[in-house]
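Okay, here's what each chain looks like letter by letter:
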Amino acid sequence: MAFALLTPNPTPRFICRAVTSHSSTSQSSLAFDATSIKRAAQLAEKSAGITAPHPNFGCVIAANAADGERLVVGEGYLYGQGTTPAEVQAVEAAGELCRGATAYLNMEPTHCLVDQTAVSALIQAGVTRVVIGIRHPLQHLRGKAVQAFVNEGLVVDVLGEDLRCKIFEESFKSCLLVNAPLLYRASCRVPFSVLKYAMTLDGKIAASTGHASWISSKMSRNHVFELRGRSDAVIVGGNTVRRDNPRLTARHGGGHLPLRIVMSTSLDLPDSANLWDVDDAPTLVATQRGARRSFQKLLASKGVEVVEFDILNASVVMDYLYDRGCLSVLWECGGTLAASAISSGVIHKVHAFVAPKIIGGKDAPSPVGELGMVEMSQALELLDVQYEQIGPDMLVSGFLHPIPDLNPMIPSTRETIGIDPSVSPYETNIISFYKTWDPHGAFSNFALSPIQILDENADVFTWPTVEHYYQAQKFVGLDNLAAKKCIEGIKNAKSPEEAARIGRKTQKQQPDLVRPDWESVKIEVMYRALRCKFSSYPNLSSLLLSTVGSVLVETSPHDLFWGGGRDGEGLNYLGRLLMRLRTELMAEQNGSEVLR
């Protein structure tokens, strides 16, 4: 097996010897543990392509039957950021059978001051043992849940640490693969990047004329739609836009739609292109600073986002997408840009669809351009190579860079200061947040903190997140069946991402359904929801009060109203509202202390 881990320690993690804490455990019991962890990893991937990429969590709860056999009694998986944790779903499914049961988690759950839901659910349900595939890769969460379980007297076994038998090797691999994007992001500080291309048997991605429709079969192209749905963004170059005029949509009738990105230094692009239609999916054009200002204005008038860079290359775009919160990026570019991205070291995995066709042509393009290699010994070899027959085609996939093991752990601030005394944690008083899994992600309007506020019928309704409430309020007060249907759709949305998608799309395509005073009231609508959220959860208000003296910035690089923007050009109204709320909570706290 070619599977590899990125670790400085050459000692294999899994060896054929007894586990450290369960040397008397039977092989059948170990096999059940391995199977259950693998099942948790499979569950964790169930939302792929439906919601935006996020940390993937799956949970399996198994109890002992009367005959001594172990039976699965509950399962769950995280549907999207801001939705019910996998552990809570599994506990609800298992009910009283949780008492004395074992919980299997593909990854250590989130556990911090403001989010202890997953850990508390297992503890309160009576689970006595937890088996974890991998520790959480994010430094501010790594080891926190494990310690919480141990403090409550639960037995905790982590693969590769407490369970080191070779039988767990495939299960451990499954846990790494399902959260590969998060592992790469945490370790390498770039999004996980996949290069995809289709080529003929003689290595051509088009005929000499440039014609390329279609090299691969319809079954392979459907597989590509699935890959897009699993990505935050899809990248092509200017040549692809000019030659193929692609749409780059997921085409699965709903679910997650990735950001479509065109990289073009000169902006020598057509005035009309499928990618300039942003009704169904957003488009961003990355270019060099100062390139074709008039064309930039044309793109902006069509709703296309334009981002300028001092020097445009694969590395700076990936840095930008990292700051934008992306976990996974799919490259569907031509050979020139593919070679540049590979040379920059930003491509981590390759998906090559090989069709049983021969086109020939000395000038026919190949999938990867010049890499500067002159000997076969310099060729890049893929790791963990997989082969899959898709219709008449063969999909060959593998990693250019091994999946990070994150062992040893990323140094903490205290450890960093010990290494370099010149580093000070007190140099800045800015606290940023964006994704719900960030250290202060609980501040996000997408974070799972249900709030009870009156709905459009003046009835108390439990909104799953602040974002659900905010989007629904756009259409309140109108005696219109379509507006009421939209509100119901937002109420029933399974994730804040889907609620936002419904609200934004309706607002854009049917502006007559939006309440006429929306622009003047939307800030107070958001504040009302935030106030309810932080007043309902003492741990959240404590976290907010702990930031006194710091500027709070919502770092969304594309929402210039609620976020701070890429270079601080955004209005940051979400951060402003939180600071306003913080001031009011401080005054209330001081007033109550005076009354005492």
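Anything mentioned here points back to the structure above.
Residues numbered from 1 in each chain as written. Predicted model: local features only at pLDDT ≥ 70, side-chain atom pairs only at ≥ 80, totals over all residues. Heavy atoms only, no water.

### Here's the deal with the sheet that holds strand β9 (residues 259-263)
Next, step 1: Spatial ordering of the open sheet is given by β11-β10-β9-β8-β12-β7-β13-β15-β14, a layout of nine strands whose pairing is mixed. Each having just a single partner strand, β11 (305-309) and β14 (383-390) make up the two edges of the open sheet. Sheet twist, expressed as the mean angle between neighbouring strand axes with direction ignored, is 20°.
Next, step 2: As paired elements, strand β7 (residues 192-200) and strand β13 (residues 349-355) share seven bridges and run parallel to each other. Bridge assignment links Thr200 to a residue of β13, and that residue is Ala355.
Next, step 3: Together, β10 (283-288) and β11 form the strand contacts of helix α9 (residues 293-301), whose direction differs from that of β11 by roughly 145°. (Pairing = 2+ DSSP bridges. Helix = DSSP H or I, 4+ residues; strand = E, 2+ residues; numbered from the N terminus. Axes fitted to C-alpha atoms, helices over the stretch in contact; angles between N-to-C directions. Contact = heavy atoms within 4.5 Å.)

### With respect to the pairing of strand β15 (residues 393-399)
Next, step 1: For β15, a buried count of five out of seven residues is recorded, marking the element as mostly surrounded by other parts of the structure.
Next, step 2: Direction of pairing for β13 relative to β15: antiparallel, over a ladder of six bridges. Within the sheet, the bridge partner assigned to Ala352 lies in β15 and is Val396.
Next, step 3: What sits between β14 and β15 in their antiparallel hairpin is a turn of two residues, with Gly391 showing a positive phi close to 60°. (Buried < 20%, exposed > 50% of the residue type's maximum accessible area, 1.4 Å probe, protein only.)

### With respect to the sheet that holds strand β6 (residues 155-158)
Next, step 1: Ordered in space as β3-β2-β4-β5-β6, the five strands form an open sheet in which the pairing is mixed. Only two strands of the sheet have a single neighbouring strand rather than two, namely β3 (70-77) and β6. Taking each pair of neighbouring strands and ignoring which way they run, the sheet shows an average axis angle of 20°.
Next, step 2: Across four bridges, the pairing between strand β5 (residues 129-134) and β6 is parallel. Residue Val130 lies in a different strand from β6, and its bridge partner there is Val156.

### A few points about the pairing of β3
Next, step 1: Both strand β2 (residues 58-64) and β3 contribute to a ladder of seven bridges, which runs antiparallel. Bridge assignment links Gly58 to a residue of β3, and that residue is Tyr77.
Next, step 2: Between the end of β2 and the start of β3, which pair antiparallel, lie five residues, with Gly68 showing a positive phi angle near 90°.

### What to know about the state of the cysteines
Next, step 1: Under the criterion given, the structure shown has zero disulfides.
Next, step 2: A disulfide-free cysteine, Cys59 has its sulfur positioned 8.3 Å from the sulfur of Cys98, the nearest such atom. (Disulfide = S-S within 2.5 Å.)

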